[in-house]
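# Structural features, examined
In case you want the letters, here they are:
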Number of protein chains: 2
Amino acid sequence: MNRAPRSPLAPARFPDLPGIAGVRLASAAAGVRYRDRADLMAAEIAPGSTVAGVFTRSATRAAPVIDCETKLAALARFGPAEGGFLFLVNSGNANAFTGAAGVAAVRAICQTAGAAFGIDPGHVLTASTGVIGEPLPASRITDALGTLRAGLSESGAQQAAAAIMTTDTFAKGAAAEVAIDGQPVRIMGIAKGSGMIAPDMATMLAFVFTDAAIAAPALQTMLRTATRDSFNAITVDGDTSTSDTVLLAATGQAAAPRIDSARSRHGRAFAAALTGVMRDLAHQVVKDGEGATKFAEIAVTGASSAAAARKVAFAIANSPLVKTALAGEDPNWGRIVMAVGKSGARADRDRLTIRFGDVLVAEKGQVAETYREADAAAYMKRQELQIAVDLGLGRGAATVWTCDLTTRYVDINADYRS
Amino acid sequence: MNRAPRSPLAPARFPDLPGIAGVRLASAAAGVRYRDRADLMAAEIAPGSTVAGVFTRSATRAAPVIDCETKLAALARFGPAEGGFLFLVNSGNANAFTGAAGVAAVRAICQTAGAAFGIDPGHVLTASTGVIGEPLPASRITDALGTLRAGLSESGAQQAAAAIMTTDTFAKGAAAEVAIDGQPVRIMGIAKGSGMIAPDMATMLAFVFTDAAIAAPALQTMLRTATRDSFNAITVDGDTSTSDTVLLAATGQAAAPRIDSARSRHGRAFAAALTGVMRDLAHQVVKDGEGATKFAEIAVTGASSAAAARKVAFAIANSPLVKTALAGEDPNWGRIVMAVGKSGARADRDRLTIRFGDVLVAEKGQVAETYREADAAAYMKRQELQIAVDLGLGRGAATVWTCDLTTRYVDINADYRS
């Protein structure tokens, strides 16, 4: 895979990511589907850590997702983990729509990996991305566990990020440091998505690690909120994978005091930094959207509620007509009006204000008197754009991010698989 | 406009449409925006007729839509019409997002047209399609009313269908005859959509006429149901126009008995024929979808309810990944699984059955044992396709129609307007 050239929106280079005390990463070439590249990633998380996860809401979730959900639910019910965790992730095969055989494959991998790493199989969390409907060759993964274990290192983030890529054109990583009670705490994450060359799915995977000490329920709350404002606030084509997975581990090996509540002062400080890292990763996913040449922020304000604002923002961000206009560098604000109208959220045409960056396009349901199309057309030539819509109704606000829809997206996805 | 070549899915020729007693049609070149082509259409409907309408649910509806809604609401409240009706439709300018000036333009046109045709302005129903956000040059329309009136004829359907085109690549018409109590009743309709070359919107307009005698409330009920199963069961790109309008007039000039209820035997017979005509028109709209090379029926059965089936069917029909696979003639059933999963409707992966035409692809959550990809790949080469999904949960069923997503769609819509 990786046939595509690097996205024009890709960052210049992979960021320098710090190691996280209590987390060791490794990658290996298991040959699940791809040849001559790493396709397996492990993150070994030290005893005493807590974990949290959020997953696709698809009704046709893949076997590894259901396994993770079941294990996290059991952990939540029977108390925090004692014996460390293992995240084990393969690319090349999503183990989705594989029936009972898929469930058995997950079980076999978790058993064998647990034994190999000395970790309770109930603490082994897997994710798979790649072709769907084909049996996962579990033995290729278990055969590579020795190599994987031998390669564990605190500094393997870039290789790990590369190993989980499918049709991504660049590896994705982000990090932040935040002071909790004056003590530095580190957050580091990697992600993949949302390349979708047939027959891969639009799978978005992210794995985030911190050396902060955080109680599991607070960690889950913060992950859910941060996901809402990052990975669940982006769209490439509105399609949802059967495998989307975000896992977060907190090792507690930093000197900072333990965080027991997401709403405490320390909790809020950590959550803000976590959201920043996850948003950075989410933006990278959009910038690697298939065929993308433009990155656009859609900021909606003045809605009757936050939910209404989000509905309008996604209606704009997912509209093929808006997205093709971005590709064409066309300040076609009529399509914004259309998308607001179709969103299903409350809107009053005669209160609508639309801005492209600093260019006031329309207000009170009409083109602005100061509007000159040449200004808007010049703005649309930028690689990163902001479209701001104020509904003039209330205080609800939401921001989402999207990319343009190009002929290359169609070429990539209409390309026959074989 | 009309720069695009005729759609490869277009019918061989415009159908022979019968005249409808009590309906006279005319078209004229008013020069609203286009040069050297008709862009104005009138349908004069004889006294004693009843009318019904359904409109876009967009929150940013255009001025003519709001005017029609207001007038039909008043008619429903104060009793059936006495003095005939006029449908007056222009292409080239949608009179949408035009504020108070847009409202004034509709009022002026209705007043002048009412006077010119001797029809109560409250019975003049207008529709506009084309560029949005630009003032409608109302005087160009009113200046053409004399020509229009002079051209009225029972047999002007093809010219009328051509006059309302924007980026359509062929004119759309359909007709049927049905016996009510042994007496023949005719139904004839024209439509336009859903060409969307910037800056036009995805406007879908349809005007349907019958010589049956039908009480206004029954007519409205039948139109609403028929729209659900025709124009509201199609999608090109999921985008919704600010101007979508379907108007239906019943002149009562056939010899058949009057229909007072949609649920009576005669009502059901008429409604079935009406749905057939409107579905034919709706299919033509899909076949003229921008860049379309494939027409696909998505038939969902076994859902927990009809609403759930519809949700699943539209999730498939609107999925860019499914639509690009159709374009690539790729039997990528994994994308069907994905779309079912993301629909939000109840689904059980392990009960899912998927068929491409006669080819059983998957059942019980796995690839079917008999499945050979060569069979499915051969099927996908057809121009008209059926994708059938059975959820195995209940008796809910729904069928919708869509087209493929091609690079040409993007080219057309990313093309800068000027």
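Basis of the calculations
Residues numbered from 1 in each chain as written. Chains lettered and ligands numbered in written order. Predicted model: local features only at pLDDT ≥ 70, side-chain atom pairs only at ≥ 80, totals over all residues. Helix = DSSP H or I, 4+ residues; strand = E, 2+ residues; numbered from the N terminus. Rg over C-alpha atoms; globule rule 2.2 N^0.38 Å. Buried ≥ 20, exposed ≤ 12 C-beta atoms within 10 Å, placed from the backbone. Contact = placed C-beta atoms within 7 Å. Nonpolar A, V, L, I, M, F, W, Y, C, P; charged D, E, K, R; others polar. Least-squares fit on C-alpha atoms with pLDDT ≥ 70 in both. Core = buried A, V, L, I, M, F, W, Y, C linked by C-beta atoms within 7 Å. Pairing = 2+ DSSP bridges. Axes fitted to C-alpha atoms, helices over the stretch in contact; angles between N-to-C directions. Domains from an automatic or database assignment. Right-handed = clockwise from strand over helix to strand, strands pointing away. Parallel < 35°, antiparallel > 145°, perpendicular 65-115°, else oblique. Left-handed = near helix turned anticlockwise from the far one by under 90°.

### Here's the deal with the overall build of chain A
Along the backbone of chain A there are 12 helices and 16 strands. In terms of overall dimensions, chain A is globule-like: its C-alpha atoms have a radius of gyration of 22 Å, near the 22 Å expected for 418 residues. Here the C-alpha coordinates of chain A stretch approximately 70 × 55 × 40 Å along the principal axes. For chain A, buried positions account for 63% of its 418 residues. Sequence-distant contacts in chain A: of pairs separated by 6 or more residues, those separated by 24 or more amount to 81%.

### Thoughts on the interface of chain A and chain B
Taken together, the contacts link 51 residues of chain A with 50 residues of chain B. Those elements that provide at least two residues to the side of chain A that touches chain B are α9 (320-327), α10 (333-342), β14 (366-367) and α12 (407-414) of chain A. By residue class, the composition of the side of chain A that touches chain B is 20 nonpolar, 19 polar and 12 charged.

### Things to note about the relation of the copies chain A and chain B
Expressed as a screw operation, the relation of chain A to chain B combines 0.0 Å of axial shift with a rotation of 180°, fitting to an RMSD of 0.0 Å. The transformation relating the two chain copies, once decomposed into turn and shift, fits a two-fold axis. Considering only C-alpha atoms, the residue of chain A closest to the rotation axis is Thr407 of chain A, which sits at 2.3 Å. When the interface residues of chain A are mapped onto chain B, 98% of them again fall at the interface, so both copies present the same face.

### A short note on the nonpolar core
Across soluble globular proteins, you tend to see nonpolar side chains buried next to one another. Judged by nonpolar contacts, the single largest core of 312 residues is most densely connected at Val312 of chain A together with Val312 and Ile316 of chain B. When residues no more than four places from it in sequence are discounted, the contact partners of Val312 of chain A are Val300, Ala303, Val340, Ser343, Ala345, Val389 and Leu391 of chain A.

### Regarding the sheet that holds strand β11 (residues 295-303) of chain B
Residues and elements named next belong to chain B. Pairing in this open sheet of 7 strands is mixed, and the strands run β9-β16-β11-β15-β12-β13-β14 from one edge to the other. Edge positions in the open sheet fall to β9 (234-235) and β14 (366-367), since each of these has one partner strand only. Pairing geometry for strand β12 (residues 353-356) and strand β15 (residues 384-390), over 4 bridges, is antiparallel. Across the sheet, the residue bridging to Arg355 is Ala388, located in β15. Sheet strands in contact with helix α8 (residues 306-318) are β9, β11, β15 and β16 (396-403), and its direction is about 20° off that of β16. Contacts between helix α10 (residues 333-342) and the sheet are confined to β12, β13 (359-363) and β15, with β15 contributing the most and set at about 50° to the helix.

### Digging into the domain arrangement of chain A
All names here are of chain A. For chain A, the assigned domains are domain 1 (23-287) and domain 2 (295-414). Centre-to-centre, using C-alpha coordinates, domain 1 lies 33 Å away from domain 2. Contacts between domain 1 and domain 2 engage 12 residues on the former and 11 residues on the latter. At the level of secondary structure, the elements contributing two or more residues to the side of domain 1 that touches domain 2 comprise β9 (234-235) and α7 (265-287). Per-element accounting of the side of domain 1 that touches domain 2 gives the leading share, 4 residues, to α7.

### Remarks on the pairing of strand β5 (residues 124-131) of chain A
With 8 of 8 residues buried, β5 of chain A is to be regarded as a mostly interior element. Taken together, strand β4 (residues 85-93) of chain A, helix α2 (residues 99-117) of chain A and β5 of chain A form a β-α-β motif whose crossover is right-handed.

### Some words on unusual backbone geometry
Of note, the phi angle at Asn95 of chain B is positive, near 45°, even though the residue is not glycine. Residue position: Asn95 of chain B is located in the loop between β4 (85-93) and α2 (99-117).

### Here's the deal with the packing of α9 of chain A against α10 of chain A
Residues and elements named next belong to chain A. Running from N to C, α9 and α10 point in directions that differ by 160°, and their axes come no closer than 9 Å. In terms of orientation, α9 and α10 fall into the roughly antiparallel class. Considering the relative orientation of α9 and α10, their crossing is left-handed. Note on element contacts: α10 touches α9 through Arg335, Ile336, Met338 and Ala339, opposite Leu321, Val322 and Ala325. Per-class residue counts for the contact of α9 with α10 are 6 nonpolar, no polar and 1 charged.

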